[in-house]
Amino acid sequence: MTLVFNRYKDRLATLPKEKGWITENLYMYQGFWHQSSRRISVETVMALQDTFEAHPTDIYLATLPKSGTTWLKALMFALVNKNRYKHNRLSTHPLLVSNPHDCLPFIETEIYRNTPTYIDPHSPRLFATHIPYTSLPRSIINSGCRVVYLCRNPKDVLVSMFHFANKLREKSCDVMTFEETFELFSRGVMPTGPYWDHVKEYHKVSVDHPDNVLFLTYEDMKKDTTNNVKRLAEFLGYPFTKKEEAEGAVQGIVELCSFQSLSEVNKHGNLREDIRNHAFFREGKVGDWTNHLTDEMSCVLDEITKEKFYGLDISWDLSC
Ligand code: A3P
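As recorded in an unreviewed UniProt entry, the protein goes by Sulfotransferase and comes from Deinandra increscens subsp. villosa. On record in UniProt, under Sequence similarities (unreviewed entry), the comment for the protein is "Belongs to the sulfotransferase 1 family."

In structure tokens:
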């Protein structure tokens, strides 16, 4: 890891800086803010751009942090491997004993590892990433592989990120107030933000290349999980047969990946030495922002969203 950080030290020194959420600083690279000297960091993005080789059969999940990545990782892993674990006793399913982040790794962390835990040589490789579309390794864009993008209401992303960041914040940094995170978020300063630019880029490629990029929202997934899971399965190339549907296979996967099930499995233990499994599970609801944002804050974010997403088919119930 240190080798990677050292390789890009000189480039890092030239980048604009802002206050970080989890680490001390965020660095602006290719129009987006990134942490430094962490597994998911600006140095990792640079290293991936220099070395990562995508396969045309790979499948990627792209998200901003706190958009429901853990949930979608579980669903995509369960769907692609549905035949592999079908005949086993349920208790042997990896999602009943491990964190979805161990089942479907980030390319950002794979750069430090040799073999991902559960990759089946007969299945496509499954990866996730928080990297903005602009900064994806060229081989991912050129390979024509499939990408699922999951987006979430910015106000819920802000609230979720606020809680997560304060749980993980480095000891040397003070706890951040909600007002402080709101101010940074609305200026676009958050890991792999600005939020709006990240969403807009992936939305555009999903419109231009619908066979390659599937654009989903957390809110739609919550509202109609069953039908969206079926849609996701089709996009991934693992559609449910009529027989599987009749046997309750869709419902089985929805329940296996539900907030209740995943948060129970991940009640204890650590993903890594510095991050508890349960840090990825908090409320798992739509609209918790109403408990945190003042009317004024909500209006500020609604105005930015309206302006940035003008003319795009992405909307939430905006209160202003
Ligand atoms: P909240 O903090 O609003 O509860 P990510 O996985 O991208 O880090 O996002 C974490 C958010 O997704 C958290 O939101 C978490 O509770 C929620 N989440 C995790 N697992 C979920 C699941 N199975 N279903 C719905 N939401 C889930």
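What follows picks up the thread again.
Below, the discussion takes up the state of the cysteines. Disulfide: a covalent bond formed between the sulfur atoms of two cysteine residues. Summed over all chains, the structure comprises 0 disulfides. The structure places no disulfide on Cys103, whose sulfur is separated from the nearest cysteine sulfur, that of Cys257, by 9.5 Å. The exposure class assigned to Cys103 is buried, which follows from its relative accessible area of 3%.

Quick look at the pattern of salt bridges now. Tallied over the entire structure, the rule returns 13 salt bridges. Residue Asp302 is joined to Lys155 by a salt bridge in which the shortest nitrogen-to-oxygen separation is 2.8 Å. In this pair, Asp302 sits in helix H17 (residues 295–308) while Lys155 sits in helix H9 (residues 154–168), placing the two residues 147 residues apart along the sequence. Where Lys285 meets Glu283, a salt bridge forms, and the shortest distance between an N and an O atom there is 3.3 Å. Residue classification places Lys285 among the partly exposed residues on the basis of a relative accessible area of 48%. Accessibility expressed as a relative area gives 33% for Glu283, which makes it partly exposed.

If you check the shell around the ligand, you find 18 residues, and the closest are Lys66, Thr69, Thr70, Ser160 and Glu283. Measuring from an oxygen atom of the ligand, one finds a backbone N or O atom of Glu283 at 2.6 Å. Calculation on the ligand without its partners gives an accessible area of 570 Å², and the protein chains cover 97% of this total. Among the secondary structure elements, those contributing two or more residues to the shell around the ligand are helix H4 (69–80) and helix H16 (259–265). With 3 residues, H4 is the single largest residue contributor to the shell around the ligand. Of the residues contributing to the shell around the ligand, the split by class is 7 nonpolar, 7 polar and 4 charged.

Let's shift gears to the packing of helix H10 (residues 178–186) against H17. Where H10 meets H17, the closest approach of the two axes is 11 Å, and the angle between their N-to-C directions is 15°. Taken together, the axis directions place H10 and H17 in an arrangement best described as roughly parallel. You can see that H10 and H17 cross each other, and the crossing is left-handed. Taking contact as the criterion, the partners of Phe178, Glu179, Phe182, Phe185 and Ser186 in H10 are, on H17, Met297, Val300, Leu301 and Ile304. Residues that form the contact of H10 with H17 fall into these classes: 7 nonpolar, 1 polar and 1 charged.

On to helix H3 (residues 42–51). Where burial is concerned, most of H3 is hidden: 7 out of the 10 residues are buried. All of the buried residues in H3 are Val42, Glu43, Thr44, Val45, Met46, Ala47 and Leu48. The secondary structure elements touched by the buried residues of H3 are helix H1 (2–7), helix H2 (9–13), strand E2 (25–29), strand E3 (32–34) and helix H7 (107–110).

We now examine the environment of Phe127. You can see Phe127 is positioned in strand E5 (residues 126–129). When its relative accessible area of 4% is taken as the criterion, Phe127 is described as buried. Sequence-wise, Phe127 and Leu104 are 23 residues apart; in three dimensions their C-alpha atoms are separated by 5.7 Å. Apart from residues no more than four positions distant in its own chain, Phe127 is found in contact with Phe52, Asp58, Ile59, Tyr60, Leu61, Leu104, Pro105, Ile107 and Glu110.

With that settled, consider the side chain of Ser98. With respect to the helices and strands, Ser98 occurs in the loop between helix H5 (82–86) and helix H6 (100–103). From its side chain, Ser98 meets the backbone oxygen of Pro94 in a polar contact 2.7 Å long.

When you tally the buried positions in strand E6 (residues 146–151), you get 5 out of 6 residues, the bulk of the element. Relative to E6, strand E4 (residues 59–63) is paired through 5 bridges, and the arrangement is parallel. Bridge assignment links Ile59 to a residue of E6, and that residue is Arg146. Across 5 bridges, E6 lies against strand E7 (residues 213–217) in parallel orientation. By the bridge assignment, Val148 is partnered in E7 with Leu214.

Let us look at the sheet that holds E3. Read from one edge to the other, the open sheet built from 3 strands follows the order E1-E2-E3, with strand pairing classed as antiparallel. Both outer strands of the open sheet, strand E1 (17–19) and E3, are each paired with one neighbouring strand and no more. Averaged over all adjacent pairs, the angle separating strand axes in this sheet is 35°, with direction ignored. In terms of strand pairing, E2 meets E3 through 3 bridges, oriented antiparallel. Within E3, the residue paired with Tyr27 across the bridge is His34. Across the sheet, H3 touches E2 and E3, and the angle it forms with E2 is around 30°.

How each quantity is defined
Residues numbered from 1 in each chain as written. Predicted model: local features only at pLDDT ≥ 70, side-chain atom pairs only at ≥ 80, totals over all residues. Heavy atoms only, no water. UniProt positions renumbered as here; feature names shortened; annotations may be inferred. Disulfide = S-S within 2.5 Å. Buried < 20%, exposed > 50% of the residue type's maximum accessible area, 1.4 Å probe, protein only. Salt bridge = Lys/Arg side-chain N within 4 Å of Asp/Glu carboxyl O. Helix = DSSP H or I, 4+ residues; strand = E, 2+ residues; numbered from the N terminus. Near = heavy atom within 4 Å. Polar contact = N/O pair within 3.5 Å; in protein donor to acceptor, adjacent residues only side chain to side chain. Areas by Shrake-Rupley, 256 points an atom, 1.4 Å probe, with all protein chains shown as cover. Nonpolar A, V, L, I, M, F, W, Y, C, P; charged D, E, K, R; others polar. Axes fitted to C-alpha atoms, helices over the stretch in contact; angles between N-to-C directions. Parallel < 35°, antiparallel > 145°, perpendicular 65-115°, else oblique. Left-handed = near helix turned anticlockwise from the far one by under 90°. Contact = heavy atoms within 4.5 Å. Pairing = 2+ DSSP bridges.

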